[in-house]
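Residue strings, one per chain:
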Amino acid sequence: MNQKDIADRLNLSRTTVSRCFTNHPKINPETRAKVFQLASRLGYVYAPPRNHRTGDEKGRTVVVLVAQPLELSHESETTRRVLVGISDRLAEEGLHLKLHREDPERFVLGSRPRRILPELSNEGILGFILLYPFQQESVANLSAKFPVITALDDYERLEVDSVDVDAGRGISRLMDRLASAGHREVAFISWRYKVATPWVERRFGAYVEGLYRLGLSFDESRVVNVRRVGQIEPEAVLSRAIEWVRSGVTALVCAADHQAYPLMAGLRAAGVRVPEDVSVTGFDGVEPPSGELPLTTIRQPFRDIGYSTVVSLLRRVSSPAAPRRHILVGGRLIEGETVCPPRTGSIT
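Residues numbered from 1 in each chain as written. Predicted model: local features only at pLDDT ≥ 70, side-chain atom pairs only at ≥ 80, totals over all residues. Heavy atoms only, no water.

What to know about the environment of Arg157
And then number 1: Looking at where Arg157 falls in the secondary structure, it is placed in the loop between β4 (148-151) and β5 (161-165).
And then number 2: Taking the relative accessible area as the measure of exposure, Arg157 reaches 75% and is therefore exposed.
And then number 3: Spatially, the C-alpha atom of Arg157 lies 18 Å from that of Ile129, the residues being 28 residues apart in sequence. (Helix = DSSP H or I, 4+ residues; strand = E, 2+ residues; numbered from the N terminus. Buried < 20%, exposed > 50% of the residue type's maximum accessible area, 1.4 Å probe, protein only.)

Re the pairing of strand β8 (residues 251-254)
A regular strand places its side chains on the two faces of the sheet in alternate fashion.
And then number 1: By the alternation rule, side chains of β8 split into Ala251 and Val253 and Leu252 and Cys254, which are all buried.
And then number 2: Note that strand β6 (residues 186-189) and β8 share 4 bridges and pair parallel. If you follow Ala187 over to β8, its bridge partner there is Leu252.
And then number 3: Two elements, β8 and strand β9 (residues 279-281), share 3 bridges in a ladder whose sense is parallel. The residue of β9 that forms the bridge with Val253 is Thr281.
And then number 4: A crossover connection joins β8 to the parallel β9 through helix α9 (residues 257-269); in handedness this β-α-β unit is right-handed. (Pairing = 2+ DSSP bridges. Right-handed = clockwise from strand over helix to strand, strands pointing away.)

Overview of the nonpolar core
And then number 1: In this structure, Leu65, Ile86, Ile116, Phe128, Leu142, Phe188 and Tyr207 are the most contacted members of the largest nonpolar core, which totals 80 residues.
And then number 2: Ranked by residue count, the leading element in this core is helix α7 (residues 198-213), at 7 residues.
And then number 3: In this view, Leu65 contacts His100, Glu102, Phe107, Leu117, Phe128, Ile129, Leu130, Leu131, Phe134 and Leu142; residues no more than four positions away in its chain are not counted.
And then number 4: Counting residues in hydrophobic clusters, the runner-up holds 25 residues, among them Ile242, Val272, Val286 and Leu295. (Core = buried A, V, L, I, M, F, W, Y, C linked by side-chain atoms within 4.5 Å. Contact = heavy atoms within 4.5 Å.)

Describing the sheet that holds strand β7 (residues 223-224)
And then number 1: Taken together, 4 strands build an open sheet; the order of strands is β7-β6-β8-β9 and the sheet is parallel. Sheet topology places β7 and β9 at the edges, where each strand pairs with a single neighbour.
And then number 2: On top of the sheet, helix α6 (residues 167-181) reaches β6, β8 and β9; it is set at about 170° to β8, its chief contact.
And then number 3: Running over the sheet, α9 touches β6, β8 and β9 and is turned about 145° from β8. (Axes fitted to C-alpha atoms, helices over the stretch in contact; angles between N-to-C directions.)

Next comes the structure, spelled out in structure tokens:
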């Protein structure tokens with residue numbers, strides 16, 4: 001695998017691909033992110049020529065580890081947008097990026113690792129940016145060896161800086177939107193994940209806070225996949241949601257857009273209309289699948305989040321003893337087509 005293969009697959013010139021790896025200032029950040037993504041997927045690792053800034057390369061590489069389960073073969077839109085921000089800021093600083101995808105369930109790092117990954121030399125690494133949740137013990141062992149910043153997740157028990165979405169403010173605005181439409185019976189849904197997902201717990205906490213703030217009752221039987229034990233697969237989640245709707249629930253708050261869109265498709269196949277029979281909200285602001293109604297959701301500035309992770313990493317490198325920071329970046333309410341006043345009467 002070489003740069004020409006990458007250029008051919010992306011319909012780019014060989015020069016453009018080469019300039020991506022050398023952080024040329026005229027390269028579009030989105031193009032650079034696409035090149036890095038494909039290079040990672042194909043196993044290509046850029047090696048500068050032996051006479052290329054050999055005296056300046058020490059500590060000039062930032063490694064981005066993306067938690068991606070083996071069953072997922074493609075990058076999400078969220079990942080792509082965060083990587084654009086990361087690569088943009090790294091290019092401004094003249095730093096190199098190495099991108100690796102690891103199954104979070106299989107990525108187990110001991111307390112004294114000689115290498116973080118078999119194919120990754122520790123020499124020249126400035127620090128790590130972790131995208132999505134990894135096992136907490138592995139993150140602790142990694143942060144003991146290198147500066148680490150986490151994006152879109154927060155390890156509250158570790159002294160690791162993080163840049164995350166403002167889940168509290170976002171879910172609060174969605175709950176206000178549902179309440180203003182007249183909804184009083186609102187349930188909360190998440191998918192099952194193989195590793196702990198604090199981001200789901202934070203969004204659930206904001207949902208509960210919203211219920212109490214609006215004077216609505218909390219019913220634990222109308223929550224799924226929040227506890228870390230007893231979680232169920234998406235097919236069972238769909239069945240649970242259909243039961244809720246038939247028993248009086250008029251709105252479903254999904255922890256993320258990538259959960260809400262397949263849920264709506266399943267509801268429609270079962271004869272449950274969205275939003276006429278049940279309103280649905282998401283979170284993140286990804287583009288809807290072809291033919292699907294656009295969600296009422298919170299659109300996140302993922303490029304800004306990626307940009308901020310690099311700023312936080314540089315701060316941590318220059319001030320290793322600085323207090324831990326958890327930076328929250330606010331999103332924007334998007335009025336889609338999945339919320340309307342609650343139905344009157346029951347459905348069968």
